[in-house]
Structure formats: C-alpha cells, structure tokens
Amino acid sequence: MRELLSLACEECKRRNYTTDKNKRTMTEKLALKKYCNFCRKHTLHKESKV
Ligand SMILES: [Zn+2]
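Only a predicted model underlies this, so the values are computations on that prediction, with no experimental measurement involved.

Despite not being glycine, K13 shows a phi value in the positive range, around 65°. Looking at the element boundaries, K13 is found in the loop between strand 1 (2-9) and strand 2 (15-22). Of the residues examined, K13 has 10 C-beta atoms within 10 Å and is grouped as exposed. Positive phi is not limited to glycine here, since R40 has a value of about 60°. Tracing the sequence through the fold places R40 in the loop between strand 3 (31-36) and strand 4 (41-49).

Tracing the backbone shows K21 in strand 2. What makes K21 partly exposed here is the crowd of 17 C-beta atoms within 10 Å. Between the C-alpha atoms of K21 and L5, which are 16 residues apart in sequence, the distance is 7.5 Å. Residues in contact with K21, not counting those within four places in the same chain, are R2, E3, L5, M26 and L30.

The rules behind each value
Residues numbered from 1 in each chain as written. Predicted model: local features only at pLDDT ≥ 70, side-chain atom pairs only at ≥ 80, totals over all residues. Helix = DSSP H or I, 4+ residues; strand = E, 2+ residues; numbered from the N terminus. Buried ≥ 20, exposed ≤ 12 C-beta atoms within 10 Å, placed from the backbone. Contact = placed C-beta atoms within 7 Å.

Rendered as structure tokens:
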C-alpha cells in the first residue's frame, strides 16, 4: 500500500520532487526542507498529489 506523492515548494508551488510513502505507517503530512531550483534556495516542500 504505497501512495505516490509529489513534493511542492511552499513559496513558488512548483513540484520539484516525487516520492512515495507507506500509508499505513506514515499518516501525517510530509513537510521537508529541500532545495528549490526555481527559488534557488532551500524552502519547505509539502506533499501534494501527483
Ligand atoms: Zn520554489
């Protein structure tokens, strides 16, 4: 039971990364600091549907 997700930059809303998660073990929303090529800095990326 894995769900495919994308990680979207909080600042420009672009989807820079794709990932998946196990719905049974990770029920909370993912939010990671990752590098955004468009903002050219590390920003918070939150999960969204692919
Ligand atoms: Zn960005």
